[in-house]
Amino acid sequence: PSNGTGPRPPTFILTGISGVPKSSSWVALPLCLLYLLMLLGNCSLLWAIRTDHSLHTPMYSFLAMLALADLGLSLCTLPTVLPVFCSEGTSLPFQACLAQMFFIHTFSAIESGVLVAMAFDRFVAICHPLRYGSVLSDSLVRRAGGLIVLRGVSVVLPVTILMERMPFCRSHVLSHSFCLHQDMLRLVCGDVRVSSLYGLTAVLLTKGMDSLAILLSYVLITRAIVGTVSQGARAKAFSTCISHLCAVLIFYIPLISLSVIHRFGKHLPPLSSTLLADAYLLVPPILNPLVYSWKTKQIRRQIHILLCHAGT
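Quantities reported herein were computed from a predicted structural model and do not represent experimental measurements.

### Concerning the pattern of salt bridges
Under the counting rule described, the total for this entry stands at four salt bridges. The partner of Asp183 in a salt bridge is Arg186, and the shortest N-O contact between them spans 2.7 Å. For Asp183, a relative accessible area of 0% corresponds to the buried category. When its relative accessible area of 36% is taken as the criterion, Arg186 is described as partly exposed. Note that Arg193 and Asp191 form a salt bridge whose closest N and O atoms lie 2.9 Å from each other. What makes Arg193 exposed here is its relative accessible area of 64%.

Now the structure itself:
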């Protein structure tokens, strides 16, 4: 660890997985394959939605937003994650680390908002199917997308401004191969109460409220499904929610676990937070396209056409 004496560190030192030496090709190669799979999966998903007119519905518009958020979240970490395992030492200037932190948390907030919009879409489709087209119009979908992006930026921007003013005079070594707010905050030598309190409030007002909204949507959806007389109708209604439920669990379980560990799990080994952070940023962008491709026949067909064109 390199200790600084100035009010702001010139660089942060990024770390990989505890116990794994740097310049480890056996770790770098799988990571490259995971990032490649993420790019291919989400780009193929976007291409399928764009080219198949039967997928030009609110549900798949929100799915396209989810794929874009996944791409943004992964591409934010790509420039630092791979070099950590491909070189002997990796450092990041303060401003670059601050920018990466801003984009990671912004895309995370956007993805959370999109998952809420998708839950509302499923609620209207199952509980009020006759009003689906009038409620979820194209203009509403566009406005919802704009508000989701605006909320993500406006919530994370104050965190970034507060962090930019913080004095750093401790070790500059971060716990991850990318910059997170909680990880940078522990290196501050000044009073962090305002920044920590706002960060916790921002998480509760975004991820916390979003998770409650999704839970409420599925309580109402479950009531509507249970009240359906036909067993076949119940199975069909439930099958339309499986993909979204998988996306919600894939996103929220690592996110909530990581937030709890950063704030209350100081006694846990560093490897636990490192693995959870990697899962939080890498697993959803990789699995979401696979889940939706597996459950949606039109997407499977379009991706098959794309692969056939690529093969010829």
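### Describing helix H5 (residues 138-164)
The terminal C-alpha atoms of H5, which comprises 27 residues, lie 39 Å apart, in line with the 39 Å expected from a rise of 1.5 Å per residue. All of the buried residues in H5 are Val141, Gly145, Ile148, Gly152, Val155, Val156, Val159, Thr160 and Met163. Buried residues along H5 sit against helix H2 (58-86), helix H3 (94-127), helix H6 (181-185) and helix H7 (193-226).

### A short note on the packing of aromatic side chains
Within the structure shown, the criterion is met by eight aromatic pairs. When the ring of Phe102 is compared with that of Phe103, the centres are 5.2 Å apart and the planes differ by 75°; the resulting orientation is edge-to-face. Of the residues examined, Phe102 reaches a relative accessible area of 15% and is grouped as buried. Grouped by ring-pair contacts, the aromatic residues Phe12, Phe94 and Phe168 constitute a single cluster.

### Observations regarding the packing of H2 against H3
It is the contact of H2 with H3, at a shortest axis distance of 9 Å, that shows an interaxial angle of 160°. On the basis of their axis angle, the class for H2 and H3 is roughly antiparallel. For the pair H2 and H3, the sense of crossing is left-handed.

### Description of the UniProt feature "transmembrane region" (unreviewed entry) in the protein chain
Per the UniProt record, "transmembrane region" (unreviewed entry) is found at residues 26-49, 61-85, 97-120, 140-163, 241-261 and 273-292. Secondary structure over residues 61-85 splits into 100% helix and 0% strand, and the C-alpha atoms at its two ends are 36 Å apart. Span residues 241-261 is 100% helix and 0% strand, its end C-alpha atoms 30 Å apart.

Rules used in this analysis
- Residues numbered from 1 in each chain as written.
- Predicted model: local features only at pLDDT ≥ 70, side-chain atom pairs only at ≥ 80, totals over all residues.
- Heavy atoms only, no water.
- Salt bridge = Lys/Arg side-chain N within 4 Å of Asp/Glu carboxyl O.
- Buried < 20%, exposed > 50% of the residue type's maximum accessible area, 1.4 Å probe, protein only.
- Helix = DSSP H or I, 4+ residues; strand = E, 2+ residues; numbered from the N terminus.
- Expected span 1.5 Å × (residues − 1).
- Contact = heavy atoms within 4.5 Å.
- Phe/Tyr/Trp six-rings, centres within 6.5 Å; stacked < 30°, edge-to-face > 60°.
- Axes fitted to C-alpha atoms, helices over the stretch in contact; angles between N-to-C directions.
- Parallel < 35°, antiparallel > 145°, perpendicular 65-115°, else oblique.
- Left-handed = near helix turned anticlockwise from the far one by under 90°.
- UniProt positions renumbered as here; feature names shortened; annotations may be inferred.

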